[in-house]
Amino acid sequence: MKQIEIQEHSCDICVVGGGLAGCMAAIRAAELNDDVILADKSNPERSGCAGTGLDHIWGYFPEVQSREGVSLEQMVEDHLQNVAHGLVNRPMLHYIAATSYERILDLERFGARIRFEDSTLPGKLRLQYQMHACRNTLHFEGRDIKRILAKAVRKAGARILDRVMVTELLTRDGQIAGVVGYGTRDGKIHRIRAKAVIMSTGRINRLYKPYPGLTFAIRMPPALTGDGKAAMFRAGAELINMEFLSIPGRWSSRNLIRGGGLPTGSYQPPGVGVNALGEVIRRRNHEVGNKTVYGTAKTFATGRSFQGELEAGRGPIYADMSWGSEEDQRYMLWAIENEGLGPGFLHIMKRYGLDFRKHKIELWPIEPEHSAAAAGGPMVDESCQTTVPGLYAAGDEAGGIPGSVAPGAFTMGYLAAESAAGRAAETGALRDGDGDGELLDFCNEILNRSTGDPWEDAQATIHNHMSDYNIRFRSETMARRGLECLEYLENNMRLTASNPHELTHCLEIRNLIECGKIIFRSTIERKESRGEIFQRRDYPEQDDANWLCFLGQKLENRQVRFRKHTP
Amino acid sequence: MPPVIDKKLCNTCGICYNICPQDVFSFDRKQAPIIAYPQECWYCGACVVDCPKGAVSLTLPLPLHIVPSPALYGPPGPQERQALELAADFSRSIEGDPAEPDSGQETGGSDAADRQGGKAR
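Student: When you look at the overall build of chain A in this model, what are you seeing that I'm missing?
Tutor: Of regular secondary structure, chain A possesses 16 helices and 21 strands. In terms of overall dimensions, chain A has C-alpha extents of about 65 × 55 × 50 Å along its principal axes. Within chain A, the proportion of its 567 residues that are buried is 60%. A separation of at least 24 residues holds for 74% of the contacts in chain A among residues at least 6 apart in sequence.

Following this line, the structure appears as structure tokens:
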């Protein structure tokens, strides 16, 4: 019988996931400790949500906001009420808002360009409206932000272990002892002992059926499959908000889905959203107001919605970005070039003879997403520590801070590193931990199986179960059926893999099923509806008296326990 | 075949193979990388941006094609020009006489006015 090869490593601090949060964590950790490993399933040079760019970060910019009469406290309150709908880890939100600008100045030190001659604002910053009622989102040159950060990680002295998918945690006496990953190219198990671990593997992006019908044609990175959240749950960390969906019904370019802001967003001063008759449904930014508008049925300042136009027989819907001066067009192209997936979009436009001056871009509501605006993940304290001592979480990985996005990644990554460095300094020798037995069995079974189910079939099954049982007709009975179906899949799939690339996908399937089950269980437990992020057919009303709280779910002695936490 | 490598331009440096977040390439250091998993491409464009020789381009599978549709753009009239200036003032960090931000109420602009660039206020 074939046995998977195991390679041992050790370090003081292990950062898992090399996106914005993980890179910032690795940089700060390596400034404070000389034995840091950054493990990434892909390569920090281009991995994560900002792999091909990031053109906007929100924060509190004192010189600008104080002039506009907005205090830090007011901005935090605005986020709490309007972005997080009252349900947020307030101390962490405050920390993010207060220190985002400091981290942006770090990015400038690392080599990112954030100042522009055409701006008349203090500091020559380009600031936009985005989620808040004040101008607080920096527009900057972030196409290569990941390359800049990866360089800073190496310069700070952290070791990068790329193409290692961490999928399990090691614990000893309830405390963190390390992580276990799978080499997506070398096919080995990498067991990394560590005194402190920072998880930053981001969102769960392959749960729901994508509209274009292609598994990898989605808005956020398809490589992100909830590996961190699943691993932390199995290790006993308490997860919150897992039942919520993020921005259901957000619109993007039809089929060739992009991030950024088609048709909303800050970067298209001359852009409008129109129906098939050429009627303007979403006016220009200054007429829509201070905030971008998300959601299927959200009405714009015209009193009409894209969804409403489709239902009234006036579809399709288009973004018409043909307007404005040459300078406006240049600005728009500059912003798209610097936002994630934007460079690919512009390359494709050019290659296929498309031009914003000449062509409208058809829009469509994209598949639901998890995390981000819903903020499902481990509960963290003021130091970014989860409920497992020595285990920290940062960025989209962490639960409880809706809309923290890029500034959440930078600030929490930095904070988690400081906390982890403190922990490592106080901890004695490295210890052996437990927790990888089931993972090794799972891998060895696949290695020794010659025929069975390809991972693609299991992926399609997950898409079906999650989309059918957890979107339109959400209820207790539907969630119970969803849980049953995922458990059936788990017990009956006989995955096969002919190489490490395919075995990596099998491990992703294992984590997606884990996350799906957590979601269904929390869905059954939360007996209310809560805005657009959680609609139940059997409990259509919001119930603040009982449910204005985080719903925690954790494993205790292999039993699932729920707990309510008032934020 | 999502990424396509022009073998005449490729210098076999392996950067595309090293940076691809989806790991779609295979590479043996002697010849141009092979697209081993074309169906797993995210169309992010990292390989296009990072190729030092400009040897990589993206080709879309049919379901992802953007079917062209003509835009509504026309030469701006005076009202429309003013609206576009307000839009630019609001959306770019240039202070002068910025538009009063709308709180989301219906402004009463007709569709015809919208088509000409929105109702100027």
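Student: So what exactly am I meant to see when it comes to the domain arrangement of chain A here?
Tutor: Size of an interface, as often reported, equals the accessible area lost when the parts are brought together. What the domain assignment lists for chain A is domain 1 (55–141), domain 2 (251–365) and domain 3 (437–539). Once you take the C-alpha centre of each, domain 2 of chain A and domain 3 of chain A turn out to be 34 Å apart.

Student: Please explain the pairing of strand E3 (residues 36–40) of chain A as it appears in this structure.
Tutor: Regular strands place their side chains on alternate faces of the sheet. All names here are of chain A. The buried count for E3 comes to 5 of 5 residues, which makes it a mostly enclosed element. Every second residue of E3 is oriented toward a common face, with Val36, Leu38 and Asp40 on one face and Ile37 and Ala39 on the other, all of them buried. In this structure, strand E2 (residues 13–16) lies alongside E3, joined through 4 bridges in parallel fashion. Looking at the pairing, valine 15 lines up with leucine 38 of E3. After leaving E2, the chain enters helix H1 (residues 20–32) and then returns to the sheet as E3, a path that is right-handed. Alignment of E3 against strand E7 (residues 159–162), held across 4 bridges, turns out to be parallel. Residue pairing for E7: aspartate 40 is matched across the bridge by aspartate 162.

Student: In this structure, what is going on with the nonpolar core? I would like to understand it.
Tutor: The nonpolar side chains of a soluble globular protein tend to be buried, and buried together. Counting 194 residues, the largest nonpolar core has Ile13, Val197 and Ile198 of chain A as its most contacted members. In terms of residues, this core owes the most to one element, helix H11 (residues 405–426) of chain A, which gives 12 residues. Setting aside its immediate chain neighbours within four residues, valine 197 of chain A contacts Cys14, Val16, Leu169, Ile176, Val179, Gly390, Leu391 and Tyr392 of chain A. Among the nonpolar cores identified, the runner-up in size contains 7 residues, and Leu84, Leu86, Ala87 and Ala88 of chain B belong to it.

What counts, and at which threshold
Residues numbered from 1 in each chain as written. Chains lettered and ligands numbered in written order. Predicted model: local features only at pLDDT ≥ 70, side-chain atom pairs only at ≥ 80, totals over all residues. Helix = DSSP H or I, 4+ residues; strand = E, 2+ residues; numbered from the N terminus. Buried ≥ 20, exposed ≤ 12 C-beta atoms within 10 Å, placed from the backbone. Contact = placed C-beta atoms within 7 Å. Domains from an automatic or database assignment. Pairing = 2+ DSSP bridges. Right-handed = clockwise from strand over helix to strand, strands pointing away. Core = buried A, V, L, I, M, F, W, Y, C linked by C-beta atoms within 7 Å.

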